[in-house]
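Here is what each chain is made of, one letter per residue.
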Amino acid sequence: MTRGSQILRENHEEAARQEQEARELARRRSAAQLMGALIQPERYVGEVFTVGFSAFTVQVHDHFRREVQGIPQGAFLIATCIDPGCSELDPDGEGTEIVLLRVIEPRTLPREGEREDQRTEAIERAMRDERPWEDQVDKYTRNKLSYSGLTCRVLGTVYLEPDPDHPEQLRKRLGTDIDNFYSGRGMKVYKPSGAALAALVNYSDPDVKSDHPLGGRLVNIAAIRYASTRRSQSSDAVDVTITPADLIGQKTALFGMTRSGKSNTTKVIAQAIYELRRDAVPLNPSDTPEQAERRARSNRIGQLIFDPQGEYANENVQDGGTDNPNALKNIYTHFPNLTRESELATYGLKPHPRDPHRELLKINFYGEPLHAAQLRQLESASQGHGEANLDAATAAFLTNIHTLLLGKQLFDEALAGSDSQYIRNFLAADLSLPDFSTFPDQEAYGQAVRYNRNLLVYRALLHGGGLRAPFAPDITNLFNAQLRETLRTPPAEGTGTRRNARSDRDASLQNEFSTAADLLEQAQVSWDDVITICKALAKLIGRPEFDAFDAAYRRGHNGRSWADATFRNLIGMFAWSNGPKLAARVRENHEAGLTEDYAETIYQDLLNGKMVIIDQSLGGAGPNQVVANKIIEKILQRHVEVFGMGESPHPILVYVEEAHNLLPKRSADGEVNIWARLAKEGAKLNLGLVYATQEVSALQSNILKNTSNWFIAHLNNTEEVREVSKYYDFEDFAESIQRAPNRGFIRMRTRTNVFTIPVQVRKFDLSTSALPASTVPVHGGND
């Protein structure tokens with residue numbers, strides 16, 4: 001190697017060494033800047049006295065307490081060995097870390113007995129003097145008595161690591177524990193405020209970041225609040241953000257007493273989710289047209305709110321009165337170029353005078369007619385002829401009676417609680433479609449005829465209550481010749497005086513029977529004619545002539561009666577003059593011309609990103625429950641279909657007030673209802689559930705165990721507080737939750753939070769947007 005080559009190599013090595021030193025210096029300076037931003041020397045409060053993996057004891061002094069405007073229970077502190085004035089810091093050094101603490105309670109320090117003796121003497125002197133006791137001691141003693149200890153929970157460790165997106169840069173991470181400690185190492189303690197406090201409490205764990213296109217979007221919903229008493233905490237009142245995408249496909253709990261701020265929090269959350277549509281969704285050149293369309297509307301999250309008190313669907317005093325446009329239903333008016341038609345839909349069982357656009361939750365109670373062709377198809381299937389099969393025939397039946405079954409549920413709810421036996425019999429009538437495959441092939445057709453006859457009687461009952469029918473009745477093949485003959489057979493005559501009275505009565509009755517028999521032979525009848533037939537049959541059943549007819553029928557049909565239990569329960573309504581009139585109770589929920597049920601309409605609204613509010617304040621609790629069940633059933637059914645096709649269902653968020661009335665109870669862990677399915681299966685289907693209640697202990701435990709987002713307000717019951725204390729770190733707030741009834745004082749933890757934050761949720765106000773917190777680092781990035 002020549003001298004020139006050696007010099008050139010040495011120059012390259014020196015340049016590489018200098019470049020490496022420059023990079024290392026930049027890293028050390030960046031580390032000092034990142035960690036130094038969290039350390040505020042003027043906020044010093046004391047020293048770490050003892051250390052442990054889960055708790056520290058901190059010694060503080062009254063002077064420093066005053067300087068930082070107090071250290072309330074639940075306040076955040078930081079402990080570190082880092083010199084706040086350093087300009088360089090080894091990012092990989094063991095001491096380059098900050099431990100985040102939460103104040104739990106006072107702690108006795110060593111030699112506390114001596115201080116107690118001095119304090120006791122001073123207080124005894126003060127009781128004989130007008131001056132306070134601290135003025136009774138010298139400065140040295142007063143200084144000694146100003147020291148105290150605090151037990152602090154370890155919330156995690158702030159440390160540095162290379163940024164995965166930019167390996168040459170550093171980013172802050174917050175672990176949820178400490179990996180080591182030294183008892184002989186001192187750590188100074190500070191009470192963070194301003195930007196430092198905001199960066200800590202708004203840290204989001206990047207490992208659980210939502211994969212939604214707007215998963216990094218932050219909105220302000222609250223401010224830090226440590227205690228019920230708030231006097232001089234201006235330095236602590238920093239904004240607290242959430243990532244609305246944390247709620248997508250997750251369960252969110254809002255717990256608290258009535259008037260503790262649950263509804264206000266719900267409105268703030270709903271507003272934050274709605275305002276996601278302010279942001280443009282980044283394009284992906286590799287998307288298919290279908291994927292591009294889904295991405296384009298991914299910021300329009302469908303929201304379904306079940307509103308038991310009408311406070312979301314209507315203007316109310318909580319939001320400024322009936323003349324104030326601050327109701328949640330007016331949220332679209334605060335966006336330019338948005339219309340109610342594209343953004344909001346309100347539904348209810350009854351109209352509301354202040355909501356002229358409301359859609360009434362009406363259905364066609366009659367369903368669709370079952371035609372003779374369908375019966376023939378079933379007959380052919382049951383006899384093994386042709387290409388028809390029982391499954392196809394059953395599917396045709398189900399399509400036609402879908403809304404009829406829902407109407408029967410509403411009808412039952414309207415009559416629930418009656419003491420009349422004939423009404424109780426009607427409530428027991430089950431119009432569910434029989435499983436024809438369970439019958440011998442030759443009997444399936446007969447069961448279909450029997451079922452269609454029951455539907456005819458039920459529909460005649462609806463007509464008797466004034467519900468307009470969308471089609472004419474069809475009695476083809478439903479009543480045989482033997483029944484018509486029985487109707488025409490005169491009853492046996494009596495004797496003597498009783499004979500004349502009975503003859504007069506039976507003559508009138510026989511006239512009804514004969515009229516019914518004549519109508520049954522008509523090719524076409526009206527619904528009024530069917531009512532006449534039903535009234536006659538109601539009187540016929542139970543008479544000797546019917547018993548004789550039925551006995552002969554049983555002999556030819558394996559012992560089965562012509563009039564099964566369902567038929568008897570239905571026809572019994574016509575034996576009473578008031579029976580058919582009872583259907584008038586559901587008349588306002590009926591619309592004869594409907595071909596699609598409201599559940600499908602609502603589902604399409606949600607797919608289009610609308611906010612849908614179901615006002616349940618009008619109409620009975622029973623019908624409202626049936627309606628809610630139907631809507632959730634439809635959403636689950638349709639989302640399962642999409643999921644089964646290998647696609648990702650559109651996100652929908654469902655809000656449920658008074659959740660203890662809907663979600664499965666603790667005592668029935670095996671219970672499976674539609675709400676249990678929503679709670680348990682919603683995550684994979686992109687269905688989020690926001691449920692609010694004051695009865696935490698009543699809910700099924702596995703729902704609570706799988707809840708990702710928590711907002712806990714005041715609970716006055718020890719049992720309820722004990723229940724929430726089982727989860728995350730809410731035990732630290734048990735005393736505050738039970739003692740502080742302040743409205744909107746919430747203990748909040750969301751999916752990307754690594755610890756619980758005590759906050760004051762902002763007052764819902766549509767004129768104040770949940771603006772993005774641009775000064776707060778997203779996911780612990782550089783600041």
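The model shown is predicted, which means the values in this text are computed figures rather than measured ones.

### Here we look at the overall build of the chain
Logical step 1: Of the regular secondary structure elements, the chain holds 23 helices and 19 strands.
Logical step 2: Residue pairs in contact within the chain that sit at least 24 positions apart in sequence constitute 75% of those at least 6 positions apart.
Logical step 3: Just so you have it, the chain exposes about 35900 Å², and 48% of that area is on carbon and sulfur atoms.

### Focus on the packing of aromatic side chains
Logical step 1: Using the criterion set out here, one finds 26 aromatic pairs in the structure.
Logical step 2: Here the guanidinium or amino end of Arg225 rests over the ring plane of Phe745, the centre of that ring lying 4.9 Å away.
Logical step 3: Sitting over the ring of Phe426, Lys408 keeps its end group 4.6 Å from the ring centre.

### Structural notes on the nonpolar core
Logical step 1: Ranked by internal contacts, the top residues of the largest apolar core, which has 114 residues, are Phe255, Leu304, Phe306, Ile602, Trp675 and Tyr691.
Logical step 2: Counting residues per element, this core draws most heavily on helix 12 (residues 441–464), which supplies 10 residues.
Logical step 3: Filtering out sequence-adjacent residues up to four positions away, Phe306 remains in contact with Ile614, Gln616, Ala628, Ile631, Ile632, Val654, Tyr655, Val656, Glu657 and Trp675.
Logical step 4: Met187, Val240, Ala245 and Phe711 belong to the second-largest nonpolar core, a separate cluster that totals 92 residues.

### What to know about the sheet that holds strand 15 (residues 652–656)
Logical step 1: Read from one edge of the open sheet, 12 strands run 9-8-19-18-17-10-16-15-11-14-12-13, paired in mixed fashion. Strand pairing shows two members of the sheet lacking a second neighbour, strand 9 (239–242) and strand 13 (359–360), which therefore form its edges.

### Concerning helix 3 (residues 112–126)
Logical step 1: Under the 1.5 Å per step criterion, the end-to-end length of helix 3 is 21 Å for 15 residues, consistent within 8% with the ideal 21 Å.
Logical step 2: All buried positions along helix 3 are accounted for by Glu112, Arg115, Arg119, Ala122 and Ala126. Considered in projection along helix 3, the buried side chains sweep an arc of 90 degrees and stay on one side of the axis.
Logical step 3: The inward-facing, buried residues of helix 3 abut helix 4 (139–145) and strand 5 (147–163).

### Let's talk about the pairing of strand 16 (residues 687–693)
Logical step 1: Here strand 16 lies mainly inside the structure; 7 of its 7 residues are buried.
Logical step 2: Side chains Leu687, Leu689, Tyr691 and Thr693 project from strand 16 onto one buried face, and the interleaved Gly688, Val690 and Ala692 project onto a second face that is buried too.
Logical step 3: In the sheet, strand 10 (residues 251–255) pairs with strand 16 via 5 bridges, with the strands oriented parallel. Within strand 16, the residue paired with Phe255 across the bridge is Thr693.
Logical step 4: Where strand 15 and strand 16 come together, 5 bridges link them in parallel fashion. Considered in strand 16, the bridge of Val654 is made with Leu689.

### Quick notes on the side chain of Asp412
Logical step 1: Within the secondary structure, Asp412 is located in helix 10 (residues 390–415).
Logical step 2: The residues touching Asp412, leaving out its near neighbours within four places in the chain, are Phe426 and Leu427.

### Some thoughts on the side chain of Thr750
Logical step 1: Relative to the helices and strands, Thr750 is located in the loop between strand 18 (745–749) and strand 19 (757–761).
Logical step 2: Polar contacts involving the side chain of Thr750 include one to the side chain of Asp246, which spans 3.4 Å.
Logical step 3: With near-sequence residues (within four places) excluded, Thr750 lies in contact with Ile242, Asp246, Ser708, Asn709 and Phe711.

### Remarks on the environment of Arg354
Logical step 1: In this fold, Arg354 is placed in the loop between strand 12 (344–348) and strand 13.
Logical step 2: As for Arg354 and Asn314, which are separated by 40 residues in sequence, their C-alpha atoms are 7.4 Å apart.

### A closer look at helix 16 (residues 544–556)
Logical step 1: Taking 1.5 Å of rise per residue, the 13 residues of helix 16 would be expected to cover 18 Å, and the 19 Å separating its terminal C-alpha atoms lies within 8% of that figure.
Logical step 2: What helix 16 keeps buried is the set Glu545, Phe546, Phe549, Asp550 and Tyr553. One side of helix 16 holds all its buried residues, which, seen down the axis, span an arc of 130 degrees. Turned more than 90 degrees away from the buried face of helix 16, the exposed residues are Pro544 and Arg555.
Logical step 3: The positive-phi residue at the C-terminal boundary of helix 16 is Asn558, with phi of around 55 degrees.

### Overview of the packing of helix 19 (residues 621–644) against helix 20 (residues 674–681)
Logical step 1: Where helix 19 meets helix 20, the axes come as close as 9 Å, and the angle between the chain directions of the two elements is 40 degrees. Taken as axis vectors, helix 19 and helix 20 run oblique relative to one another. At the point where helix 19 passes helix 20, the crossing takes the left-handed sense. Residues Gln625, Ala628, Asn629, Ile632, Glu633, Leu636 and Val640 of helix 19 touch helix 20, and the partners they reach there are Ile674, Trp675, Arg677 and Leu678.
Logical step 2: For the contact of helix 19 with helix 20, the per-class residue count stands at 7 nonpolar, 2 polar and 2 charged.

### Topic: the pairing of strand 8 (residues 219–224)
Logical step 1: For strand 8, a buried count of 5 out of 6 residues is recorded, marking the element as mostly surrounded by other parts of the structure.
Logical step 2: In this sheet, strand 9 lies alongside strand 8 in antiparallel orientation, the contact comprising 4 bridges. Bridge pairing in strand 9 places Ala223 opposite Asp239.
Logical step 3: In the sheet, strand 8 pairs with strand 19 via 3 bridges, with the strands oriented antiparallel. Looking at the pairing, Ile224 lines up with Val759 of strand 19.

### Description of the environment of Arg459
Logical step 1: As for its position among the elements, Arg459 is in helix 12.
Logical step 2: Distance from Arg459 to Phe365, taken between C-alpha atoms, is 8.3 Å for residues 94 residues apart in sequence.
Logical step 3: Residues contacting Arg459, with those up to four places away along its chain left out, are Tyr366, Gly367, Glu368, Pro369, Leu404, Phe471 and Trp527.

### Here we look at the pattern of salt bridges
Logical step 1: If you walk through the whole model with that rule in mind, you get 36 salt bridges.
Logical step 2: Note that Arg171 is salt-bridged to Glu161, the shortest N-O span being 2.9 Å. Here Glu161 lies in strand 5 and Arg171 lies in strand 6 (residues 166–175), a separation of 10 residues in the sequence.
Logical step 3: For Arg171, a relative accessible area of 11% puts it in the buried group.
Logical step 4: What makes Glu161 buried here is its relative accessible area of 17%.
Logical step 5: Its salt-bridge partner being Glu600, residue Lys634 comes within 3.6 Å of it at the nearest N-O pair. Residue Lys634 is found in helix 19, and its partner Glu600 is found in helix 18 (residues 598–607); the two are separated by 34 residues along the sequence.
Logical step 6: When salt bridges that share partners are traced, they join Arg102, Arg153, Asp729, Asp732 and Arg749 into one network.

### Describing the environment of Tyr44
Logical step 1: Within the fold, Tyr44 resides in strand 1 (residues 44–50).
Logical step 2: You can call Tyr44 buried: its relative accessible area is 19%.
Logical step 3: With 21 residues separating them in the primary sequence, Tyr44 and Arg65 have C-alpha atoms 8.9 Å apart.
Logical step 4: Here Gly46 takes part through its backbone oxygen, which lies 3.4 Å from a polar atom of the side chain of Tyr44.

Calculation criteria
- Residues numbered from 1 in each chain as written.
- Predicted model: local features only at pLDDT ≥ 70, side-chain atom pairs only at ≥ 80, totals over all residues.
- Heavy atoms only, no water.
- Helix = DSSP H or I, 4+ residues; strand = E, 2+ residues; numbered from the N terminus.
- Contact = heavy atoms within 4.5 Å.
- Areas by Shrake-Rupley, 256 points an atom, 1.4 Å probe, with all protein chains shown as cover.
- Phe/Tyr/Trp six-rings, centres within 6.5 Å; stacked < 30°, edge-to-face > 60°.
- Lys NZ or Arg CZ within 6 Å of the ring centre and 35° of its normal.
- Core = buried A, V, L, I, M, F, W, Y, C linked by side-chain atoms within 4.5 Å.
- Buried < 20%, exposed > 50% of the residue type's maximum accessible area, 1.4 Å probe, protein only.
- Pairing = 2+ DSSP bridges.
- Expected span 1.5 Å × (residues − 1).
- Arc of directions from axis to C-beta.
- Polar contact = N/O pair within 3.5 Å; in protein donor to acceptor, adjacent residues only side chain to side chain.
- Axes fitted to C-alpha atoms, helices over the stretch in contact; angles between N-to-C directions.
- Parallel < 35°, antiparallel > 145°, perpendicular 65-115°, else oblique.
- Left-handed = near helix turned anticlockwise from the far one by under 90°.
- Nonpolar A, V, L, I, M, F, W, Y, C, P; charged D, E, K, R; others polar.
- Salt bridge = Lys/Arg side-chain N within 4 Å of Asp/Glu carboxyl O.

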